[in-house]
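Structural overview for review
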Amino acid sequence: MRIVGIDVGSTTVKAVVTEEGEVLWRDYQRHNTRQAEKLHEFLGRMEAEAGLTPDEDLVFLTGSGAGLTAPMVGGKLIQEVVAVAAAVEKLHPDVRFVSEIGGEDMKTIFFTESGAGKTKQVYMQSACSGGTGTFIEKTARKLRIPAEELADMPYDGMSLHKVSSKCGIFAETDANTLLKGGVPVGEIIASLFEAVVYQNLATLTKGNTPQPEVLLLGGPNLFFRGLQQAWRHHLANLWEERGVTLPEGLTVADVIRVPEEALYYAALGCVEIGRGEAEGIGRYTGSGKLRWWIDEGQHEAKAKEGGKALARGADDIRRFEAEYRGSGAAGPATAKPAPKAAREPEPLFIGCDFGSTTAKAVVLSASGDMRFTTYVQSRGNPIEDAKSLFRDIHLSGVEDVAGLALTGYGKDLLKDILGADIGVVETVAHAKSALDIFPEADVICDVGGTDVKIMILRQGTVADFRLNSQCSSGNGAFLQGVAERYGIELEDYAAKAFEAKSMPSLAMGCGVFLQSDIVNQQRKGWSAEEIMASLAAVLPMNVWIYAGQLQNLRAAGRRFVLQGGTHRNMAVVKAQVDFIKAKVPEAEVIIHPHSGEAGAIGAALCAREAWDPDRPSRFAGFARIEALNYRSTTSEDTVCTWCAVNCKRAFIDVEVTGAEGRAWSKVPLEPGWERVISGNSCPKGLVEDANEMRVVKEEMEEQRRAYPNLGEVVRETAFRRAVVRG
Amino acid sequence: MSEADRAARAKLRVGIPKALNVWTTHQFWLGFFQSLGLSPRNVVFSSDTSDEQMREFGSGRGTVDCCYPVKCVSGHYGELIFGQKRKIDILFSPMIYSLASFLDGHAMDSLACPRVMAAPENIKAGFLREKDVFAENRIAHVAPLVTLAEPKLVPRQLFDALQGVVPGLGIEETARAVEEGYATLAAFNENLRARSREILEWCARERRPCVMVLARPYHMDPGIGHEIEADLQACGYPILWLQYFPTDPELLNWIFRADLAEGLIKHPFDIDDVWPSSYSANTNEILWGAKVAARVPWITCAIRLASYECGMDQPSFTPVQQIVERSGTLFFSFQELDSTKAAGSVKIRVETISYYLERNSPGIIEAKLRHMDPACPLLRRPVSADLPA
């Protein structure tokens, strides 16, 4: 009688056929999210190549796909960790610690000698991509490293850099930043290995010290030489620090083993457990039922799951469109200036929003007419960006400017150079603009391409602000990516998604896993429209709950303003409106009429508010901005040294009357010049170096000396020795 | 005490984790140990909480999943055990069951959060589960349960815990040391209250705004509260912490005059009108602080700090917010503080707060002053010249 062990994992299927303890056949293959198909193929091959016989031989299954498939083939389901532990106990009685890293999960097992034998302590995590194989592979793919090369990349001897160990998407961003900063690919990969080992030790040891001997299992541990080196490095350090001694005559390399069959331990464990099962348990019933499931069953399941749709019938859509048609779908506002004759001569205010990827400007009249809008894709030189914006404004016929306000990332850099009357923090600008169109607004939800911002207003102030710029699960770029993959223009997204009569349920959360969920749903037969509908439907959950961490929408308020480029997609708007109204039935939801320009409009409104007709604007003037004289320096002295990324910054020095200059700088600047730093990848790089930090710190210290803080007094005095009285 | 005991005590080194309610009892312990004849140099605290501390000394020592302020104590333990140039003999980690509070006598009780109280037991386990790290390093882990709200019980609690650890310890000298501890802490608190009063007098005189922080004491730890209030301080606002608000009756009677007259409260320290289930010392004080922030005209903004998933803070979020906001005072809360500072969004929020503070403070001060008796005790004392005119 043969006993078969099969591990149906998240990325691969692994199987062994044994007879009398001898392995007759084994294989592993990636299934590309087709778990059932790959299993069916394996069973067929095992029948043909290893004599697997229905109603005679036994099958035991484990892994994330086993719960569904085991009953279809008469097999018995074995819990994964139990299976691995059984194989380890059989094959390696001296092992005290096991790490098994899979595609989308990770586990550790501690074996402790106790009176009656061995006790096992097991930890596992499968909710997040941090610390798993996907974490490494996803980034390696982005860096275009072929699989064979990745397997051979070392950890030992490489310089390491800070990479987020918690999330695959964070890590990818970090890797990109490192790459941009010129860090060699090899060092980035070594840093990823470091992050994976750190994450496993940090989350899956819970106070236990891994003791020798150690077994490393699973695909990533087997295939990535660098990952093995990282384990050896960290465990050796840990052992030295905690005084763990190795068995006589053995080295660290001897006691950290990666067995050749590292992939098959779960499958082998199934066999091991199967041998002890009662007669008749796990009797293989053939692959017919599985075939039926693949061909028909899963599609029936799809029909059962369906039924809900983004649009609940034609009436629902009609009502929705009547209310929201045209609001926000217009794309970037392209208000043409009215003919000169028709315009009242009114004071005009300019608001500019210098963001990290685009710069935008609007011209607003004193009575609130939007006279002109323009934008420019940032090209890395804020002076050139500004010149381009103001050239456009001037060409549109604007001559006299009553006030200029800046907002966004560039507001402090450019304030003096452009002669802005005020710099406005982005939250205030957004609130201003939302309150202008919706004076009672409680919540502003801005979903952009790469970030999600939620602002909660109370008492006319921005009382709370949630920013999520590090997790892709709630933003528009992901939606756009999927639409692109289906070859659908973003403008047609909504129409397509509304066509869907039903849609699958996607799980909220980690974008890495959402991607594989989509592939999975596609395979079940869901069409492009249906998947796009479901993606729009899951977005509000990601925005409010996952990214915004706002469980209780009702507490946030009743009147919602949606803005940001992603809300130009009416499928998203529909999902948002339905989601918000389900949570807050009396909610009013409106779309900002100039979705993408809200920040610039808010700035212009602030300029109008600050306007004093008796005091001239500080605005430098179109001619002065056009003629701005600057020189750009990029040299060894402009490289940022705040972290290992070492961004190659540019110092753009601009001539500004009355500017202080920077005598203390490595690239000294004479009075009458102002410096703008560009090419840095994080805000820290806006500070030139330790010299400037000292200047900034001194200013802050002075401020802090002038204005006391009782918390600081405690920090400085409470832990010093007490003066004994009397 | 024998000469030998005296000499032994002078050499004894005690390490105290600078965590949790040690942030409000620091000087008690310093006064206590010094009174017992320990050298002040030999009573050391761990450093402020930090990621580096946790990574270097605490990783892999976690046991029960808990809030970050409790979890990070593993790092403090590790640092005291492994990271001292001169080894300590005693790791003193009090399980503070109840706290002395200025609200004592006006609240139901003065208890510490049970998770905070039990933290030493929880954290200790991470250093015992495989081998006894304390024994290995010849360090006595002393974690007495102390009821600081009931001073009469404290000498026995500390004597039982330290007997045999502090050579020749007697119960009477322990009682004296406890008294010394309370006195030292009281002197420290009085000094800080006087500083707060100076700030308030300056604000009243100059009609300038200040900010009040409403948080648990350990949010003063840079690794827990991330010095968010210091960022506001750098924008030019003095910062008060509710723990050190002046308690002179004259000032408090002025602040709560209307409430007392209407019979809403029986005493300025009475919080029964807003928080009847007043069992937790830190929570009670936060609620009281909210009432003060709402009434004092120059406190134009209150900042609430709370750690992620704090079960003690959660029920008080809405009452505190509403007490402060209903008075027209600005209110901003940072409710999900964790191990890392979300520097980007904190920076934007601090700039936002600073914008509204600058714009709205004059109006808020004026509106709040209208409810107050013009005879303000803060304007009566001679001018102190510490703050910018």
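Residues numbered from 1 in each chain as written. Chains lettered and ligands numbered in written order. Predicted model: local features only at pLDDT ≥ 70, side-chain atom pairs only at ≥ 80, totals over all residues.

**Some points on the overall build of chain B**
Rule in force here: Secondary structure elements follow DSSP: runs of H or I no shorter than four residues count as helices, runs of E no shorter than two count as strands, and numbering proceeds from the N terminus. Put simply, the radius of gyration uses C-alpha atoms, and a globule should come to 2.2 Å times the residue count raised to 0.38. Comment: burial labels come from other C-beta atoms within 10 Å of the residue's own C-beta, placed from the backbone, where a count of 20 or more is buried, 12 or fewer is exposed, and between is partly exposed. In this description, any two residues whose backbone-derived C-beta atoms lie within 7 Å of each other are considered to be in contact.
A tally of regular secondary structure across chain B gives 17 helices and 10 strands. Taking 2.2 N^0.38 as the reference for a compact globule, 389 residues should give roughly 21 Å; the C-alpha atoms of chain B span a radius of gyration of 22 Å, in line with that estimate. Taking the principal axes of the C-alpha coordinates as reference, chain B spans close to 65 × 45 × 40 Å. In chain B, which comprises 389 residues, the share counted as buried stands at 51%. Restricting to contacts in chain B with at least 6 residues of sequence separation, those with at least 24 account for 77%.

**Brief notes about the overall build of chain A**
When you go through chain A residue by residue, the secondary structure sums to 26 helices and 23 strands. The buried share among the 726 residues of chain A stands at 47%. For chain A, the share of sequence-separated contacts (at least 6 apart) that also reach a separation of at least 24 residues comes to 72%.

**A few points about unusual backbone geometry**
In this structure, the amide linkage connecting Pro212(A) to the following residue, Glu213(A), adopts the cis form with an omega of 0°. Along the chain, the position of Glu213(A) falls in the loop between helix H7 (185–204) and strand E9 (214–217). Even without glycine at this site, Arg207(B) takes up a positive phi of about 55°.

**Notes on the nonpolar core**
As a reminder of what qualifies: Each nonpolar core comprises buried Ala, Val, Leu, Ile, Met, Phe, Trp, Tyr and Cys residues, the members being joined through C-beta atoms within 7 Å.
By size, the foremost hydrophobic cluster in this structure holds 222 residues, and its most contacted members are Leu310(A), Ala536(A), Ala571(A), Ala604(A), Val213(B) and Leu214(B). Among the elements that line this core, the one with the most residues is helix H20 (residues 528–547) of chain A, at 11 residues. Setting aside chain neighbours within four positions, we find Val213(B) in contact with Gly711(A), Glu229(B), Ile239(B), Leu240(B), Trp241(B), Leu242(B), Ile303(B) and Leu305(B).

**Brief notes about the pairing of strand E16 (residues 443–447) of chain A**
Residue and element names in this part refer to chain A. Counted only if it meets this: Here a strand pair is declared whenever DSSP counts at least two bridges between the two strands.
Buried residues dominate E16, accounting for 5 of its 5 residues. Side-chain alternation along E16 places Val443, Cys445 and Val447 on one buried face and Ile444 and Asp446 on a second face that is also buried. By the bridge criterion, 5 bridges tie E16 to strand E17 (residues 452–458) in an arrangement that is antiparallel. Paired with Ile444 across the bridge in E17 is Met455. Here 4 bridges tie E16 to strand E19 (residues 559–563), and the two strands are oriented parallel to one another. If you follow Ile444 over to E19, its bridge partner there is Val561.

**What to know about the confidence of the model for chain B**
A low pLDDT means the predicted coordinates there should not be read in detail. Residue and element names in this part refer to chain B. As a reminder of what qualifies: pLDDT expresses, on a scale from 0 to 100, how confident the predictor is about each individual residue.
Averaged over chain B, the pLDDT score is 93; the fraction of residues at 70 or greater is 97%. Ranking the helices and strands of chain B by mean pLDDT puts strand E7 (residues 210–214) first, with 98, and helix H3 (residues 51–58) last, with 85. Interface confidence in the predicted complex, given as ipTM, is 0.95; pTM for the same model is 0.76.

**Looking at the environment of Lys142(A)**
Residues and elements named next belong to chain A. Here Lys142 shows up in helix H4 (residues 133–142). In sequence terms Lys142 and Ala267 are 125 residues apart; their C-alpha atoms lie 32 Å from each other. In this view, Lys142 contacts Glu172 and Ala175; residues no more than four positions away in its chain are not counted.

**Thoughts on the sheet that holds strand E21 (residues 630–633) of chain A**
What holds strands together in a sheet is hydrogen bonding between their backbones, with the strands either parallel or antiparallel. Residues and elements named next belong to chain A. Stated precisely, the cut-off is as follows: Note on method: axes are straight lines fitted to C-alpha atoms, helices fitted across the in-contact stretch only, with angles between N-to-C directions ranging 0 to 180 degrees.
Across the sheet, which stays open at both edges, the 3 strands sit in the order E21-E22-E23 with antiparallel pairing between neighbours. If you trace the sheet from one side to the other, it starts and ends with E21 and strand E23 (673–678), each paired once. Each strand axis lies, on average, 20° off the axis of its neighbour in the sheet, ignoring direction. Across 4 bridges, the pairing between E21 and strand E22 (residues 650–655) is antiparallel. The residue bridging Ser632 from the neighbouring strand is Ile652, located in E22. Relative to the sheet, helix H14 (residues 382–395) contacts E21, E22 and E23, its axis offset from that of E23 by approximately 100°.

**Regarding the sheet that holds strand E1 (residues 14–16) of chain B**
Residue and element names in this part refer to chain B. Taken in spatial order, the 4 strands line up as E2-E1-E3-E5 in an open sheet, and their pairing is parallel. One side of each edge strand has no neighbouring strand; the edge strands of this open sheet are strand E2 (43–45) and strand E5 (140–142). Geometrically, the sheet is characterised by an average inter-axis angle of 25° between neighbouring strands, direction not taken into account. Pairing analysis gives 3 bridges linking E1 to E2, with the strands arranged parallel. When the bridges of E2 are listed, Val14 appears paired with Val43.

**Some remarks on the environment of Ala659(A)**
One can find Ala659(A) in the loop between E22 and E23. Residues Ala659(A) and Glu670(A), 11 residues apart in the sequence, show an inter-C-alpha distance of 8.9 Å.

**Digging into the packing of H7(A) against helix H9 (residues 225–241) of chain A**
Residues and elements named next belong to chain A. What counts here: To sort the angles, those under 35 degrees are grouped as roughly parallel, those over 145 as roughly antiparallel, those from 65 to 115 as roughly perpendicular, and the leftovers as oblique. Take the far helix as your reference; a near helix turned counterclockwise from it by less than a right angle gives a left-handed crossing, and one turned clockwise gives a right-handed crossing. Each residue receives one of three labels: charged for Asp, Glu, Lys and Arg, nonpolar for Ala, Val, Leu, Ile, Met, Phe, Trp, Tyr, Cys and Pro, and polar for the others, Gly being one of them.
H9 packs onto H7 with a crossing angle of 50° between their chain directions and a minimal axis gap of 9 Å. Put simply, H7 runs oblique to H9. When the axes of H7 and H9 are compared, the crossing they make is right-handed. The residues of H9 that touch H7, namely those facing Ile189, Ala190, Phe193, Glu194, Val196, Val197 and Leu201, are Gly226, Leu227, Ala230, Trp231 and His234. Per-class residue counts for the contact of H7 with H9 are 9 nonpolar, 2 polar and 1 charged.

**A word on the packing of helix H15 (residues 281–295) of chain B against helix H16 (residues 317–326) of chain B**
Residue and element names in this part refer to chain B. Packing of H15 against H16 brings their axes to within 8 Å, and their N-to-C directions diverge by 15°. Relative to H16, H15 is oriented roughly parallel. The chirality of how H15 crosses H16 is right-handed. Touching Ile286, Leu287, Ala290, Lys291, Ala293 and Ala294 of H15 are Pro319, Val320, Ile323, Val324 and Arg326, all from H16. Broken down by class, the residue content of the contact of H15 with H16 amounts to 9 nonpolar, no polar and 2 charged.

**Comments concerning the domain arrangement of chain A**
This is how it is decided: An automatic or database domain assignment supplies the start and end points of every domain.
Assigned domains of chain A: these are domain 1 (2–84 + 270–302), domain 2 (93–258), domain 3 (310–329 + 439–597), domain 4 (336–421 + 611–622) and domain 5 (629–706). Its C-alpha centre places domain 1 of chain A at a distance of 67 Å from the equivalent point of domain 4 of chain A.

**Re the interface of chain B and chain A**
In this complex, chain B contributes 52 residues to the contact, which on the side of chain A involves 38 residues. Elements represented by at least two residues in the side of chain B that touches chain A include exactly helix H2 (22–35), helix H10 (171–206), helix H12 (228–233), strand E8 (239–241), strand E10 (330–337) and helix H17 (343–369) of chain B. Across the side of chain B that touches chain A, the residue classes tally to 26 nonpolar, 16 polar and 10 charged.

**Brief notes about H10(B)**
What counts here: One fewer than the residue count of a helix, multiplied by 1.5 Å, yields its expected span.
The first and last C-alpha atoms of H10(B) sit 53 Å apart over 36 residues, in line with the 52 Å expected at 1.5 Å per residue. The positive-phi residue at the C-terminal boundary of H10(B) is Arg207(B), with phi of around 55°.

**Brief notes about the domain arrangement of chain B**
Residue and element names in this part refer to chain B. Segmentation of chain B into domains returns domain 1 (3–185) and domain 2 (194–379). Between the C-alpha centres of domain 1 and domain 2 there is a distance of 30 Å. The partner domain 2 presents 29 residues to the 26 residues of domain 1 that form the contact. By residue class, the composition of the side of domain 1 that touches domain 2 is 15 nonpolar, 8 polar and 3 charged.

**Here's the deal with helix H13 (residues 313–324) of chain A**
Residues separated by three or four positions in an α-helix point in the same direction, a consequence of the helix having 3.6 residues per turn. An ideal rise of 1.5 Å per residue puts 16 Å on 12 residues; H13(A) measures up with 17 Å between its terminal C-alpha atoms. The buried fraction of H13(A) is low, at 0 of 12 residues.

**As for the confidence of the model for chain A**
This prediction gives chain A a mean pLDDT of 84; 89% of its residues lie at or above 70. Throughout residues 328–341 of chain A the model reports pLDDT below 50, and contacts reaching past four residues in sequence, or to other chains, amount to 26 contacts.

**Looking at the environment of Gly403(A)**
Residue and element names in this part refer to chain A. Here Gly403 is to be found in strand E14 (residues 403–407). Classification of Gly403 by C-beta neighbours within 10 Å gives buried; the count is 28. For the pair Gly403 and Ala420, spaced 17 residues apart in sequence, the C-alpha separation works out to 7.5 Å. Not counting chain neighbours up to four residues away, the residues in contact with Gly403 comprise Phe349, Asp421, Ala607, Arg608, Ala610, Trp611 and Ser617.

**Concerning the pairing of strand E4 (residues 58–62) of chain A**
Residue and element names in this part refer to chain A. Here E4 lies mainly inside the structure; 5 of its 5 residues are buried. Here strand E1 (residues 2–8) runs beside E4; their pairing, made up of 5 bridges, is parallel. Paired with Ile6 across the bridge in E4 is Leu61.

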